[in-house]
Amino acid sequence: VTGCFLIPKISPVNEIDSTYTLSPFPNPTSDLIFISNINLCVFNKISVCDSQGNIIINKKIEAAQEKILLSGFPPGLYTICVHGKNIQVNKKIIKI
């Protein structure tokens, strides 16, 4: 057989569709991060991990915009993970 074939991409369950765009701000931050555009029908939990992968904050999502207080943690790179039943969105933030 010769020629070109289009092979559709099969996405795993945890790959993110671009319709779930979350926006943590301000980034970088000195203490407080807001996460907006949270779809409450899709997402139910937020966790924050430090640069070593340790979970330092775990909280239930209660609104379409959530705030996370980082004032008790040292400056560095953190990952915010927004979780749903079969989906997870990760965003990097910098605490200064």
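Residues numbered from 1 in each chain as written. Predicted model: local features only at pLDDT ≥ 70, side-chain atom pairs only at ≥ 80, totals over all residues. Heavy atoms only, no water.

**Description of a nonpolar patch on the surface**
Part 1 of the reasoning: A grouping of L77, I94 and I96 is seen on the molecular surface, where their side chains present a nonpolar patch of about 280 Å² in accessible area.
Part 2 of the reasoning: Note that L77 resides in strand 6 (residues 76–84). (Patch = residues over 30% accessible without salt bridge, like charges linked within 9 Å, V, L, I, M, F, W, Y side chains within 5 Å. Areas by Shrake-Rupley, 256 points an atom, 1.4 Å probe, with all protein chains shown as cover. Salt bridge = Lys/Arg side-chain N within 4 Å of Asp/Glu carboxyl O. Helix = DSSP H or I, 4+ residues; strand = E, 2+ residues; numbered from the N terminus.)

**Looking at unusual backbone geometry**
Part 1 of the reasoning: Cis geometry is adopted by the peptide bond preceding P26, which originates at F25 and carries an omega value of -10°.
Part 2 of the reasoning: Positionally, P26 belongs in the loop between strand 1 (23–25) and strand 2 (32–36).
Part 3 of the reasoning: Of the consecutive residues N27 and P28, the connecting peptide bond is found in the cis state with omega at 10°.
Part 4 of the reasoning: Locating P28 in the fold gives a position in the loop between strand 1 and strand 2.

**Quick look at the nonpolar core**
Part 1 of the reasoning: With 18 residues, the main nonpolar core has I35, F43, I46, I68 and I80 as its most contacted residues.
Part 2 of the reasoning: Those elements giving two or more residues to this core turn out to be strand 2, strand 3 (43–49), strand 6 and strand 7 (88–95).
Part 3 of the reasoning: Dropping the residues within four chain positions of it, I46 is found in contact with I35, I38, I57, N58, K59, I61, E66, I68, I80, C81, V82 and H83. (Core = buried A, V, L, I, M, F, W, Y, C linked by side-chain atoms within 4.5 Å. Buried < 20%, exposed > 50% of the residue type's maximum accessible area, 1.4 Å probe, protein only. Contact = heavy atoms within 4.5 Å.)

**Some details on the sheet that holds strand 3**
Part 1 of the reasoning: Across the sheet, four strands lie side by side as 4-3-6-7; this open sheet has antiparallel pairing. Two strands lie at the open edges of the sheet, namely strand 4 (55–60) and strand 7, each paired on one side alone. Strand-to-strand twist of the sheet, defined as the mean angle between neighbouring strand axes without regard to direction, takes the value 20°.
Part 2 of the reasoning: Inspection of the sheet shows strand 3 paired to strand 6 by six bridges, in the antiparallel sense. Across the sheet, I46 pairs through a bridge with V82, a residue of strand 6. (Pairing = 2+ DSSP bridges. Axes fitted to C-alpha atoms, helices over the stretch in contact; angles between N-to-C directions.)

Honestly, it's all geometry; don't read function into it.
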